[in-house]
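Chain residues, written in single-letter form:
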Amino acid sequence: MFSSLREVAKCNPFFSPFQAHCDGRAPAKDGALVPTRNLGAAAIKEGDSCEFGSAKYYALCGFGGILSCGLTHTAIVPLDLVKCRIQVDPTKYKNLIFGLRLTFKEEGARALAKGWAPTFVGYSLQGLGKFGFYEVFKVFYGGLMGEEYSYTYRTSLYLAASASAEFFADILLAPWEATKVRIQTMPGFANTLREGLPKIYNAEGINGLYKGLPPLWMRQIPYTMMKFACFERTVEALYKYVVPKPRADCNKGEQLVVTFVAGYIAGVFCAIVSHPADSVVSKLNNDKGSTAMEAARALGMKGLWRGLGARIIMIGTLTALQWFIYDSVKVVFRLPRPPPPEMPESLRLKLEAAGKL
C-alpha cells in the first residue's frame, strides 16, 4: 500500500513545485492504488530523513499528530472544564473567568485538572488519526485527481482529505470524550479515568461510550475541514502577499512563525463553525439517555452558541500551537516539508494557449 502511495506522492503537486515533469501515465501495477507516472527525480531529497509518502513519513506525521493534539488539549483542560460547565449549567458558571474562580473556590486547584487523563489519551489518539490520515488521504486523493485537477481544486482536496481523516479520528476519540465530559460536568460521577470509563461501560454498555459519536462527527468534521483547508490556503496567501521573501529563502524559525499565524487564523474559524455541535456534545454526555436532537432542543438557539467567546480563545490558541508543534516535529525529524503548491507547467501552458494567463 505504502509503495503505491509513494509513487502517487512523487507526481503530486504538493510534493514540490520543482518536481520532474510527468510526460505520461504508465499502466497501473498490480495492487497499485492509481496508475503511476515515470519520474527521474531522486527518491529522497538531500537533508530529508525519508521519502515523501513513505511508511516512515506517515508514521512520523502520526507521531507529530499525537504530540500536537495530546499535549495542547491536556494543557488547556482548565479552560475546557469551565467551557463544558458553562454549556451544561450557564446559570451557575456564567462566563469563563467567573467559572474558573467558582471552581477554584468550591473544589480547589486540583479540580481545574479534572478530566486530564481521558483528554490526554483521547486527543493523542485523535491526533494520530487527524494528522496521519490527512497526509495519507491528501496524497491518495491528489493522485486520483491528477496534478492539474489537484492544483486547480486544491481547496476541495484539502476538505475531502481532512473530512476523511477526522471520520476515523473521532472513532478513536469518542469513548474518552464521553468519560472526560462526565468527569468534568457531573459532580460525584468519578474523579479518574480508571473509575469513569468502566462506570459508563457497566451502566450503559458500549452505547454509553459511543452515543456521542454522531454529534462528535457533527462538531469535529466541520472543525477539521476548516482547520486544514483554511490553514493550507492561509499559508499560501501569507507567503504570496505578506512575507517579503520566498519561502525557500526563509529559515526554519521564520517558516514556523508563518505556521503559527496561519494556525491561529484557522482556529478562529474552526471555533465558530463547530461550536453548536460542541454544545450538543457537552449536553448529551451530561444527560443520561438523551439523544442529539433532544439535547439541541433543550439548549435552544441561544444555548447552542453559549460559551463561544471562551471557545474562540481556546481553539484559536490551541490550533496555532497544534500546527506549530506538528511542523516542529517535521523539522526535528527532517521530514519533507513541501512548499505551497505551484501551478503545474502543463496547466500553465494550457491556460496560456487559451489566453487565460
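Here's a quick rundown of the structure. The shown structure was predicted, so the numbers you read here are calculated from the model rather than taken from an experiment.

**Some remarks on the overall build of the protein**
Part 1 of the argument: Check the secondary structure of the protein and you find 15 helices and zero strands.
Part 2 of the argument: The buried share among the 357 residues of the protein stands at 52%.
Part 3 of the argument: Considering only contacts within the protein whose residues lie at least 6 apart along the sequence, 75% involve residues at least 24 apart.
Part 4 of the argument: In the form shown here, the protein has an accessible surface area of approximately 16200 Å², with 64% of it arising from carbon and sulfur atoms.

**Quick look at the packing of helix α11 (residues 213-242) against helix α14 (residues 308-332)**
Part 1 of the argument: Closest axis-to-axis distance for the α11/α14 pair is 12 Å, and the angle between their directions is 55°. One way to sum up the angle between α11 and α14 is to call them oblique. Where α11 crosses over α14, the handedness of that crossing is right-handed. Facing α11, whose interface residues are R219, Y223, K227, F228 and F231, α14 presents R311, I315, L318, T319, Q322 and W323.
Part 2 of the argument: Taken together, the residues of the contact of α11 with α14 break down into six nonpolar, two polar and three charged.

**Description of the side chain of S49**
Part 1 of the argument: As for its position among the elements, S49 is in the loop between α1 (2-10) and α2 (55-75).
Part 2 of the argument: Among all residues touching S49, those that are not within four sequence positions of it are K56, F333, R334 and L335.

**Overview of the side chain of Q220**
Part 1 of the argument: The residue Q220 is located in helix α11 in this model.
Part 2 of the argument: At a separation of 2.8 Å, a polar atom in the side chain of Q220 contacts the side chain of R219.
Part 3 of the argument: With sequence-adjacent residues up to four places away left out, Q220 is seen in contact with Q126, K130, E166 and D170.

**Side note on empty space enclosed by the protein**
Part 1 of the argument: Going through the model one piece at a time under the given rule, you end up with four cavities of 30 Å³ or more.
Part 2 of the argument: Its boundaries defined by the atoms lining it, the largest cavity holds a volume of some 430 Å³.
Part 3 of the argument: Ranked by the residues each element gives to the lining of the largest cavity, the list is headed by α11, at six residues.
Part 4 of the argument: Computed from the structure, the second largest cavity encloses a volume of approximately 150 Å³.
Part 5 of the argument: Residue composition of the lining of the second largest cavity, grouped by class: six nonpolar, four polar and eight charged.

What counts, and at which threshold
Here, residues in each chain are numbered from 1, in the same order as that chain's written sequence. A pLDDT threshold of at least 70 governs which residues receive local features in this predicted model, and a stricter bar of 80 or more applies before side-chain atom pairs are shown or counted, although totals over entire chains, interfaces and linings include all residues. Excluding hydrogens and water, the side-chain figures rest on all heavy atoms present in the structure. Only DSSP runs of H or I reaching four residues or more are called helices, and only runs of E reaching two or more are called strands; each is numbered from the N terminus. Relative accessibility under 20% of the residue-type maximum defines a buried residue, over 50% an exposed one, and the middle range a partly exposed one, all with a 1.4 Å probe and only protein chains included. In this analysis, two residues are considered to be in contact whenever any of their non-hydrogen atoms come within 4.5 Å of each other. Methods summary: accessible areas were calculated by the Shrake-Rupley approach with a probe of 1.4 Å, and residue burial reflects only the protein chains presented. Lines fitted to C-alpha atoms define the axes here, with helix axes fitted over just the stretch in contact, and angles between the N-to-C directions of these axes take values from 0 to 180 degrees. To sort the angles, those under 35 degrees are grouped as roughly parallel, those over 145 as roughly antiparallel, those from 65 to 115 as roughly perpendicular, and the leftovers as oblique. Note on convention: the crossing is left-handed when the near helix lies turned anticlockwise from the far helix by less than a right angle, right-handed when the turn is clockwise. Each residue gets one label: Ala, Val, Leu, Ile, Met, Phe, Trp, Tyr, Cys and Pro are nonpolar, Asp, Glu, Lys and Arg are charged, and the others, such as Gly, are polar. Throughout this description, a polar contact denotes any pair of N or O atoms lying within 3.5 Å of each other; where both atoms belong to protein, one of them has to be capable of donating a hydrogen while the other can accept it, and for residues adjacent in sequence the pair is counted only when both atoms sit in side chains. Using a grid of 1 Å spacing that covers the protein atoms alone, one calls a set of points a cavity when a 1.4 Å probe fits there but cannot get out, and a pocket when the set is open and has protein on both sides within 12 Å along at least five of seven lines; lining residues are those with an atom within 4 Å of a point. Grid points are joined across faces, edges and corners, and a volume is the space filled by probe spheres set on the points.

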